[in-house]
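These are the residues of each chain, in order.
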Amino acid sequence: MCIRDSLSIAALVAALAWKISEDRAPQTQVTRLSLYEGLNRQLNEIGRIEVRSLTDESVLVRDGETWELESRDGYPAAFTKIKRTILQIADLAIVEAKTSLSENYQRIGVQDPEIDAATGTLVSLATNTGDEIASLIVGNENNTGSEKQYFVRKKGDAQSWLVSGDLDFSAKPLEWVDICLLYTSPSPRDATLSGLPS
């Protein structure tokens with residue numbers, strides 16, 4: 001049975017508070033600096049998410065306690081996916097600085113997504129009124145270590161970074177749709193896979 005996720009946006013704060021508590025346990029590794037220091041204090045302000053690649057785009061907006069795909073006729077968006085993505089970005093930790101030369105961006109996938117042959121994905125977090133909170137170009141995954149690492153660059157910055165953390169989102173609209181609508185919507189358009197945005 002598919003049950004619609006009815007968690008409020010405030011659940012983001014609760015989930016993050018639990019994680020912070022967990023992270024305070026004794027550790028032997030050196031503490032790394034956060035890529036977005038203070039983002040965890042702005043979670044309730046996030047009301048718009050844009051995810052863009054060279055070929056795809058998803059625009060998600062918050063309406064009260066629900067989210068929808070503005071870029072695809074207001075389809076309901078999966079809150080669990082949105083919550084996970086925001087927390088993943090807030091949890092990114094800097095491993096080391098990488099190139100700040102634009103001619104080297106292609107090697108690690110952090111070119112601006114509108115550039116021909118760009119392979120990265122731009123994710124932007126903003127308020128409902130469009131005030132930017134964070135904007136990050138996610139490039140190639142670094143497969144040389146045992147932990148999840150990615151090359152990233154903040155939009156508008158020359159400096160790129162190698163960060164630790166998981167970033168498992170895509171710009172494809174279908175990946176953001178609340179799949180429960182397939183079972184709960186009375187509309188034939190909403191109840192078939194052919195009616196879903198690609």
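Bear in mind that the values here come from a model prediction, so they are computed numbers and not experimental data.

On to the nonpolar core, then. Judged by nonpolar contacts, the single largest core of 34 residues is most densely connected at Ile49, Val123 and Leu125. Contributing elements (two or more residues each) for this core: β1 (48-52), β3 (66-69), α2 (79-90), β6 (121-126), β7 (132-141) and β8 (149-154). With 6 residues, the top contributor of residues to this core is α2. Sequence-distant contacts of valine 123, defined by excluding residues within four places in its chain, comprise Ile49, Glu50, Val51, Ile89, Ala134, Ser135, Leu136, Val138 and Phe169. Of all hydrophobic cores here, the second largest spans 7 residues; its members include Tyr105, Val110, Leu122 and Ile137.

A word on the environment of arginine 153. Its location among the elements puts arginine 153 in strand β8. Sequence separation between arginine 153 and tyrosine 105 is 48 residues, and the spatial gap between their C-alpha atoms is 9.1 Å. Setting aside chain neighbours within four positions, we find arginine 153 in contact with Tyr105, Val110, Gln111, Asp112, Leu136, Ile137, Ala158, Gln159 and Ser160.

So, on to the pattern of salt bridges. One pass over the full model with this rule turns up 10 salt bridges. Put simply, glutamate 50 and arginine 48 hold a salt bridge, and the shortest N to O gap is 2.9 Å. Residue glutamate 50 is classed as partly exposed on the basis of its relative accessible area of 26%. Between lysine 98 and glutamate 96 there is a salt bridge whose closest N-O contact spans 3.2 Å.

Inspection of every chain in the model, using the stated rule, returns 0 aromatic pairs. Taking the ring centre of tryptophan 176 as reference, the NZ or CZ of lysine 81 above it sits at 5.3 Å. The ring of tyrosine 105 has arginine 153 sitting right over it, with the charged end atom 4.2 Å from the ring centre.

Moving on to the sheet that holds strand β4 (residues 75-76). Pairing between the strands of a sheet comes from backbone hydrogen bonds, and it takes one of two forms, parallel or antiparallel. Within the open sheet, the 9 strands sit side by side as β4-β3-β2-β1-β6-β7-β8-β9-β5. Their pairing is antiparallel. The sheet is open, and its two edges are formed by β4 and β5 (93-97), each paired on a single side. Pairing of β7 with β8, which is carried by 4 bridges, proceeds in the antiparallel orientation. Bridged to isoleucine 137 within β8 is arginine 153. Those strands touched by α2 are β1, β2 (57-63), β3 and β6, and its axis lies near 95° from that of β6.

Here the focus is the pairing of β8. Of all 6 residues that make up β8, 5 are buried, and the element is covered over most of its length. The sheet contact formed by β8 and strand β9 (residues 160-164) spans 5 bridges and is antiparallel. Note on β9: the bridge partner recorded for valine 152 is tryptophan 161. Count of turn residues in the β8/β9 antiparallel hairpin: 5 residues, of which glycine 156 carries a positive phi of about 90°.

This next bit is on unusual backbone geometry. The phi dihedral of aspartate 73 falls on the positive side, at around 60°, and the residue is not glycine. Along the polypeptide, aspartate 73 turns up in the loop between β3 and β4. Take aspartate 73: its relative accessible area is 66%, and that puts it in the exposed class. Here alanine 117, not a glycine, exhibits a phi torsion of approximately 75°, which is positive. Inspection of the secondary structure puts alanine 117 in the loop between α3 (105-108) and β6.

Thresholds, definitions, all that
- Residues numbered from 1 in each chain as written.
- Predicted model: local features only at pLDDT ≥ 70, side-chain atom pairs only at ≥ 80, totals over all residues.
- Heavy atoms only, no water.
- Core = buried A, V, L, I, M, F, W, Y, C linked by side-chain atoms within 4.5 Å.
- Buried < 20%, exposed > 50% of the residue type's maximum accessible area, 1.4 Å probe, protein only.
- Helix = DSSP H or I, 4+ residues; strand = E, 2+ residues; numbered from the N terminus.
- Contact = heavy atoms within 4.5 Å.
- Salt bridge = Lys/Arg side-chain N within 4 Å of Asp/Glu carboxyl O.
- Phe/Tyr/Trp six-rings, centres within 6.5 Å; stacked < 30°, edge-to-face > 60°.
- Lys NZ or Arg CZ within 6 Å of the ring centre and 35° of its normal.
- Pairing = 2+ DSSP bridges.
- Axes fitted to C-alpha atoms, helices over the stretch in contact; angles between N-to-C directions.

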